[in-house]
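# A closer look at the structure
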Amino acid sequence: MTATRIDGKAFAEKVREEVAVGVKALKASHGVTPGLAVVLVGEDPASQVYVRNKVRQTEACGMQSFHHVLDTTTSRDSLLSIIESLNADPEVHGILVQLPLPDHLDSRDVIEAIDPAKDVDGFHTSNVGELWTGGEPFIPCTPIGCLRLLKSVEPNIAGKNAVVIGRSNIVGRPMAALLLNESATVTIAHSKTKDLPAVCRQADILVAAVGRPQMVKADWIKPGAVVLDVGINRIETEDGKGKLVGDVDFDDASTVASAITPVPGGPGPMTIACLLANTLEAAKRSVS
Ligand code: GUN
């Protein structure tokens, strides 16, 4: 079997086009331009790249972008007072504090300071609680992007066995909640899981979000399974240039899976597109 390659880049472009149309419509109907504030603390190079892309794509779809870059040594009080002023700013509909934060700042503490109605990351406990209890939360961007990619190849999720490798608050846990809400039978596997390959082989839907380059091999995959690879890992290459790979060995897994996301070009581009969609939704809710 050669798996269908799920094109996250093309899908994300479609989502961004839909968002741009929605932004225009909201401006025309209510005179409101959706605004996203992105806060970066410190100089983590990967975070700098992510934040630059978020700002660029926010502006490209017609939204306002508010970009706050703060020194690594920024105190808890100064960060919370910036969040407080963004909470109160009517031009800001979405607030994102890029994670990870420097060690002296507690990310839970910081996320809880964000107004849940502006929490377009879906990380505030109020949104997390709603996700698990069937409300209408903002849903974390990477998992909702994965779900949309999954539905493009597998509309019937109910009753399927889904295995999520990784239990992070950003991907693994919300991904499990989304799959459960779609009536899948969900297993969350993690570093202490016994015989991980055997657990993965039970999966009709396999989501890998652990940050271990090319860990998932063909013999971990049930024939015909759909594989979503959230990992983004840089590995060394002989020419010294390095390259990005996922948590799944793409070429090997493609011989067994029915459909699979590539890295780069899988869930990655969908994350920012879904962030823009959440920001538009927050702006719409603010006028309704
Ligand atoms: N760091 C890695 N992914 C994310 C994300 O989706 N949101 C935020 N705020 N930080 C991240």
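Let us look at the structure shown here.

Conventions adopted
- Residues numbered from 1 in each chain as written.
- Predicted model: local features only at pLDDT ≥ 70, side-chain atom pairs only at ≥ 80, totals over all residues.
- Heavy atoms only, no water.
- Salt bridge = Lys/Arg side-chain N within 4 Å of Asp/Glu carboxyl O.
- Helix = DSSP H or I, 4+ residues; strand = E, 2+ residues; numbered from the N terminus.
- Buried < 20%, exposed > 50% of the residue type's maximum accessible area, 1.4 Å probe, protein only.
- Axes fitted to C-alpha atoms, helices over the stretch in contact; angles between N-to-C directions.
- Parallel < 35°, antiparallel > 145°, perpendicular 65-115°, else oblique.
- Left-handed = near helix turned anticlockwise from the far one by under 90°.
- Contact = heavy atoms within 4.5 Å.
- Nonpolar A, V, L, I, M, F, W, Y, C, P; charged D, E, K, R; others polar.

Moving on, we get to the pattern of salt bridges. Taken as a whole, this structure holds eight salt bridges when the rule is applied. The closest approach of N and O atoms between D109 and R76, which form a salt bridge, is 2.5 Å. Of this pair, D109 sits in helix α4 (residues 107-112) while R76 is found in helix α3 (residues 76-88), placing the two residues 33 residues apart along the sequence. In this structure D109 comes out as partly exposed when scored by relative accessible area, which is 26%. Taking relative accessible area as the criterion, R76 reaches 41% and is therefore assigned partly exposed. Close ionic contact of K217 with D249 constitutes a salt bridge, the shortest N to O distance being 3.1 Å. Here the residue K217 occupies a position in the loop between β7 (205-208) and β8 (226-229), and D249 occupies one in the loop between β10 (243-245) and α9 (250-253), the gap between them amounting to 32 residues. Judged by its relative accessible area of 32%, K217 falls in the partly exposed class. Within the structure, one salt-bridge network assembled from shared partners comprises R76, D77 and D109.

Turning to unusual backbone geometry, a few remarks are in order. Each neighbour pair has its own omega, and for L99 with P100 the value is 0°, a cis peptide bond. Following V263, the chain continues into P264 via a peptide bond in cis, with omega recorded as -5°. In this structure, P264 sits in the loop between β11 (259-260) and α10 (267-287). Here the phi dihedral of D195 falls at roughly 50°; this positive angle occurs in a residue that is not glycine. Considering the arrangement of structural elements, one finds D195 in the loop between β6 (185-189) and α8 (196-200). Notably, Q214 is not glycine yet its phi reads approximately 55°, a positive angle. On the secondary structure map, Q214 appears in the loop between β7 and β8. Residue Q214 is classed as partly exposed on the basis of its relative accessible area, which comes to 25%.

At their nearest, the axes of helix α6 (residues 141-153) and helix α7 (residues 172-181) sit 9 Å apart, and the two run at 40° to each other. Considered as vectors, α6 and α7 are oriented oblique to each other. α6 and α7 meet at a crossing whose hand is right-handed. Here P143, I144, C146, L147 and L150 of α6 come into contact with α7, specifically with P174, M175, L178 and L179. Of the residues contributing to the contact of α6 with α7, the split by class is nine nonpolar, no polar and no charged.

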